Amino acid sequence: SSLRERVIPRGTGERYEAVNLCNDYTVEIRIFAGTLDAEELLRNMQFVDSLCLFTKDGGGRLDQYMDWIVKSRRYVALTEWLEDTWSQELEFVRA
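In this report, we go over the structure that sits alongside the text. The numbers attached to residues start from 1 for each chain and follow its sequence in the written order. Side-chain atom pairs in this predicted model are given and counted only at pLDDT of 80 or more, local residue features only at pLDDT of at least 70, and totals for whole chains, interfaces and linings cover all residues. Just so you know, side-chain values use all the structure's heavy atoms and leave hydrogens and water out.

### Looking at the overall build of the chain
In step 1: Counting from the N terminus, the helices are DSSP H or I runs at least four residues long and the strands are E runs at least two residues long. Scanning the chain for helices and strands turns up five helices and two strands.
In step 2: Shown N-terminal to C-terminal, the secondary structure of the chain runs as helices and strands in the order α-β-β-α-α-α-α.
In step 3: Categorising residues by exposure relies on relative accessible area from a 1.4 Å probe, with only protein chains included: less than 20% of the type maximum marks a residue as buried, more than 50% marks it as exposed, and the intermediate range marks it as partly exposed. Per-residue burial over the chain gives 23% buried out of 95 residues.
In step 4: Partitioning the intrachain contacts of the chain with sequence separation of at least 6 by distance along the chain shows that 25% fall at a separation of at least 24.
In step 5: As displayed, the chain offers around 7000 Å² of accessible surface, 54% of which is attributable to carbon and sulfur atoms. Any two residues whose heavy atoms approach within 4.5 Å are treated as being in contact. What sets the accessible areas is the Shrake-Rupley method with a 1.4 Å probe; for residues, cover comes only from the shown protein chains.

### Considering the packing of helix α2 (residues 38-56) against helix α4 (residues 76-85)
In step 1: Interaxial angle, 0 to 180 degrees, is taken between N-to-C directions of lines fitted to C-alpha atoms, where a helix line uses only the stretch in contact. Contact geometry for α2 and α4: axes closest at 7 Å, N-to-C directions at 100°. The orientation of α2 with respect to α4, classified from their angle, is roughly perpendicular. Judged by residue contacts, Glu39, Leu42, Arg43, Gln46, Phe47 and Ser50 of α2 engage Val76, Ala77, Leu78, Glu80 and Trp81 from α4.
In step 2: For this scheme, ten residues count as nonpolar: Ala, Val, Leu, Ile, Met, Phe, Trp, Tyr, Cys and Pro. Four count as charged, namely Asp, Glu, Lys and Arg, and the remainder, Gly too, count as polar. Of the residues assigned to the contact of α2 with α4, the class counts are six nonpolar, two polar and three charged. Each angle gets one of four labels, with under 35 degrees taken as roughly parallel, over 145 as roughly antiparallel, 65 to 115 as roughly perpendicular, and the rest as oblique.

### Focus on the packing of aromatic side chains
In step 1: When the centres of two rings from Phe, Tyr and Trp lie within 6.5 Å, Trp using its six-membered ring, the rings pair. Their planes under 30 degrees apart give stacked, over 60 give edge-to-face, and anything left gives tilted. Using the criterion set out here, one finds five aromatic pairs in the structure.
In step 2: Their ring planes at 50° and their centres at 5.7 Å tell us that Phe54 and Trp68 sit as a pair that is tilted. Here the residue Phe54 occupies a position in helix α2, and Trp68 occupies one in helix α3 (residues 62-72), the gap between them amounting to 14 residues.
In step 3: Judged by its relative accessible area of 11%, Phe54 is buried.
In step 4: Between Trp68 and Tyr75, the ring centres sit 6.0 Å apart and the planes meet at 40°, which makes this aromatic pair tilted.
In step 5: Judged by its relative accessible area of 29%, Trp68 falls in the partly exposed class.
In step 6: Judged by its relative accessible area of 2%, Tyr75 falls in the buried class.
In step 7: Three or more aromatic residues joined by ring pairs form one cluster here, namely Phe32, Phe47, Phe54, Tyr65, Trp68 and Tyr75.

Written out as structure tokens, the structure is:
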């Protein structure tokens with residue numbers, strides 16, 4: 001059976017939702033505005049990849065996710081953006 005059939009029943013779901021499950025074998029994330037900025041595109045792709053990997057093993061709270069991103073050292077563009085945008089929230093993660 002397809003991913004869509006396992007997640008949502010036939011006849012439900014919309015193609016233009018934040019998470020599009022209308023295709024049989026793909027999941028489409030539709031939460032980002034279009035961009036020509038390569039760094040922003042990389043950061044968005046790192047966010048989706050990190051979220052998939054983090055939740056694959058059961059996920060957790062936001063502070064655990066942010067801690068996991070920083071400690072992984074795999075998501076440089078995303079970590080730099082988090083440090084610039086969410087520096088106060090990251091302080092308790094690094095403490």
